[in-house]
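What follows is each chain in one-letter form.
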Amino acid sequence: YGRSTISFNRDLVSKVLPRLNIDTSLPALIAVKNGDVVAMCENLSYFVNGTHSRDDDKVEPRAVEEWLDRTGVLLHDVPIAFEDYCRIRPEEDALLENMMREKAKIADVASIQEEQIYQCGVPGCRKAFHHEHIGVKNEMQDGLVLCQEISTGTEV
């Protein structure tokens, strides 16, 4: 990742970091303060505690911290609390809250609509009022245009 960034910006890197060689200096740690390079550690040579074989070297975290402190880029008193720095912005929080509220409204409307549907016994019918389907006979209706009592005159 760092090697490709340096490769794409080779001209800038050669001006700002003339000692840095992309083939032999990486990995490197570069300390930048107020936009200026104040220190550079090629091959992480100050930080390793090992046999200086590239595969066996382990970076010593305390050495990195001391180096950053000596270069003047390590902040001891963080200007803002971590919670304030890494929190959700108020407008993002409001947007999420709004979206959740709208989702709840849609769910409420769907449940109300589901309750108001008249159960005529025909699959897929979503009518909310009492009705019958002509020519559809099921346990809820007989499927006739007029009920048998009206058509035969035996209505009470």
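Residue positions are given per chain, counting from 1 as you read along its sequence in written order. A pLDDT threshold of at least 70 governs which residues receive local features in this predicted model, and a stricter bar of 80 or more applies before side-chain atom pairs are shown or counted, although totals over entire chains, interfaces and linings include all residues. The basis for every side-chain value is the complete set of heavy atoms in the structure, and neither hydrogens nor water enter the calculation.

## Concerning the state of the cysteines
Part 1 of the argument: Defined by distance alone, a disulfide is two cysteine sulfur atoms within 2.5 Å. Counting across every chain of the model gives 0 disulfides.
Part 2 of the argument: The cysteine C120 is free of any disulfide, with C125 supplying the nearest cysteine sulfur at 3.7 Å.

## Thoughts on unusual backbone geometry
Part 1 of the argument: If you check the backbone angles, N34 has positive phi at about 55° while not being a glycine.
Part 2 of the argument: Structurally, N34 can be placed in the loop between strand 1 (28-33) and strand 2 (36-42). Helix and strand definitions here come from DSSP, where helices need a minimum of 4 consecutive H or I residues and strands a minimum of 2 consecutive E residues; each element is numbered from the N-terminal end.

## Concerning the pairing of strand 1
Part 1 of the argument: In this sheet, strand 2 lies alongside strand 1 in antiparallel orientation, the contact comprising 6 bridges. Following the sheet pairing, A28 is matched in strand 2 by E42.
Part 2 of the argument: What sits between the antiparallel neighbours strand 1 and strand 2 is a turn of 2 residues, in which N34 has the positive phi angle 55°. Between any two strands, pairing holds if DSSP finds at least two bridges.

## Comments concerning the pattern of salt bridges
Part 1 of the argument: Note on definitions: salt bridges are taken to be side-chain nitrogens of Lys or Arg within 4 Å of carboxyl oxygens of Asp or Glu. Enumeration over the complete set of coordinates arrives at 4 salt bridges.
Part 2 of the argument: Among the salt bridges present, the one from R101 reaches E97, with a minimum N-O distance of 3.2 Å. Placement of both R101 and E97 in helix 5 (residues 90-116) is noted, with a separation of 4 residues, approximately one turn of the helix.
Part 3 of the argument: Of the charged contacts, one joins K105 and E102 as a salt bridge, the two residues approaching to 3.6 Å between their closest N and O atoms. One end of the pair is K105 and the other is E102, both in helix 5 and 3 residues apart, which spans about a single turn.
Part 4 of the argument: Shared partners join several salt bridges into a network, and the residues in it are R62, E65 and E66.

## As for helix 3 (residues 61-71)
Part 1 of the argument: For helix 3, every residue scored as buried is listed here: V64, W67 and T71. Seen from one end, helix 3 has its buried residues packed into an arc of 65°, which puts them on one side. What points out from helix 3, more than 90 degrees from its buried face, is the exposed set P61 and R70.
Part 2 of the argument: The contact criterion used is simple: two residues touch if any of their non-hydrogen atoms lie within 4.5 Å. Those residues of helix 3 that are buried are in contact with strand 1 and strand 2.
Part 3 of the argument: Just past helix 3, the residue G72 takes up positive phi, approximately 85°. Throughout this description, buried means an accessible area under 20% of the type-specific maximum (1.4 Å probe, protein chains only), exposed means over 50%, and partly exposed covers the range between. The directions from the helix axis to the C-beta atoms are what the arc is built from.

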